[in-house]
Amino acid sequence: MFPAGVTIDPKTGAVSPNTGTYTKHLSELRSIYHDGAEFDARLARQGDAVAYTVIEYREPGADIFFGTTTMSPGRIGDEYFMTRGHFHERPDRGEIYYTQSGEGVLLMQSRQGEMRSVEMKPGVCAFIPPDWAHRSINTGEQPLIFVWCCNQDAGHDYDVIVTRGMRQIVVERSGAVAYLPNPKFAAGN
Ligand code: F6R
Ligand code: ZN
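A. Fine view of the site of ligand 1. With respect to spatial proximity, 17 residues lie near ligand 1, and among them Tyr52, Arg84, Glu95, Tyr97 and Tyr158 are the closest. Here Thr69 contributes a side-chain N or O atom positioned 2.8 Å from an oxygen atom of ligand 1. Here an oxygen atom of ligand 1 and a side-chain polar atom of His156 are 3.0 Å apart. Expressed as a share of its isolated accessible area of 400 Å², the protein-covered part of ligand 1 is 98%. Its atoms largely coinciding with the cavity grid, ligand 1 occupies the largest pocket.

B. Region of interest: the coordination of the zinc ion (ligand 2). Distances from the zinc ion (ligand 2) to its protein donors, His86 (NE2), His88 (NE2), Glu95 (OE) and His134 (NE2), fall within 2.1 to 2.3 Å. For the zinc ion (ligand 2), the single-chain donor residues occur in sequence as H-x1-H-x6-E-x38-H. No difference in accessibility class separates His86 from Glu95, as the two residues are buried.

C. Inspection of the confidence of the model for the protein chain at higher detail. With 98% of its residues at a pLDDT of at least 70, the protein chain reaches an overall mean of 96. At the level of individual helices and strands, the protein chain shows its lowest average pLDDT in helix α2 (residues 159-164), which scores 90, and its highest in strand β13 (residues 144-151), which scores 99.

D. Quick look at the environment of Arg111. The residue Arg111 is located in the loop between β9 (104-110) and β10 (115-120) in this model. Note: C-alpha distance between Arg111 and Asn138 (27 residues apart in sequence) is 24 Å. Residue contacts for Arg111: discarding those within four places in its chain leaves Phe87, His88, Asp131 and Val160. Within the local environment of Arg111, its side chain forms a polar contact with the side chain of Asp131, the two groups lying 3.0 Å apart.

E. Inspection of the environment of Phe2 at higher detail. For Phe2, the position within the fold is in the segment before β1 (7-8). Looking at Phe2, the relative accessible area reads 71%, which means it is exposed.

F. Summary view of the pattern of salt bridges. Under the criterion given, the structure shown has eleven salt bridges. Asp153 is the salt-bridge partner of Arg93, the closest N and O atoms lying 2.8 Å from each other. Here Arg93, found in the loop between β7 (79-80) and β8 (95-101), pairs with Asp153, found in the loop between β13 and α2; they are 60 residues apart in sequence, far enough to count as distant. Judged by its relative accessible area of 18%, Arg93 falls in the buried class. On the basis of relative accessibility, which here comes to 38%, the residue Asp153 falls in the partly exposed class. Close ionic contact of Asp131 with Arg111 constitutes a salt bridge, the shortest N to O distance being 3.0 Å. Of this pair, Asp131 sits in the loop between β11 (125-128) and β12 (132-138) while Arg111 is found in the loop between β9 and β10, placing the two residues 20 residues apart along the sequence. The exposure class assigned to Arg111 is partly exposed, which follows from its relative accessible area of 36%. Ionic contacts of the salt-bridge type, sharing partners, join the residues Arg90, Asp92, Arg93 and Asp153 into one network.

Conventions adopted
Residues numbered from 1 in each chain as written. Chains lettered and ligands numbered in written order. Predicted model: local features only at pLDDT ≥ 70, side-chain atom pairs only at ≥ 80, totals over all residues. Heavy atoms only, no water. Near = heavy atom within 4 Å. Polar contact = N/O pair within 3.5 Å; in protein donor to acceptor, adjacent residues only side chain to side chain. Areas by Shrake-Rupley, 256 points an atom, 1.4 Å probe, with all protein chains shown as cover. 1 Å grid on protein atoms, 1.4 Å probe; cavity = no way out; pocket = protein on both sides within 12 Å on 5 of 7 lines; lining within 4 Å. Sits in = over half its atoms within 2 Å of the grid points. Donors = N, O, S within 2.8 Å, 3.2 Å for Na, K, Ca; no water. Buried < 20%, exposed > 50% of the residue type's maximum accessible area, 1.4 Å probe, protein only. pLDDT = per-residue confidence, 0-100. Helix = DSSP H or I, 4+ residues; strand = E, 2+ residues; numbered from the N terminus. Contact = heavy atoms within 4.5 Å. Salt bridge = Lys/Arg side-chain N within 4 Å of Asp/Glu carboxyl O.

This is the structure:
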């Protein structure tokens, strides 16, 4: 294994060289939005769209890896575009998100259900503690682009968030960003 310099374009999220990429379309994300009828209406009206793209740089056998996430701006009804959100499988693995362009919110939820958020804007590097679920939300008019870095063995647990949602949703209210209780959050936690 050898040191490497990897170029990251803060305006496009391009990573060069990179070792993998995937794209999530809106149509794959229906269950994460609180208003299914608004979701269906938007897709019928405007068609499917790229919600976000993830590009990674990984050295096999290394402890850490890093990459970018590039999120389109937009809303489903009043709810801003967001990532699926996840816990790491390993409860002792945190992460950082360092915003390059755009503006948004990093919404985090502890295993006990405590909520915190950190503003995402260029220059802010967010610390995600181990065992806090994390979801990024694009609250701006431009793409939200951030660099993330975590352990390769962190793993992703999507089930909890996809099944139950997070406790809060982030919506637009009179032109401002508002945090509301998630009407879909399953009872009993
Ligand atoms: C990795 C990490 C990010 C996200 C990416 C997409 O641990 O947190 O690379 O995976 O921003 O979000 P999700 O994975 O929630 O769809
Ligand atoms: Zn993560």
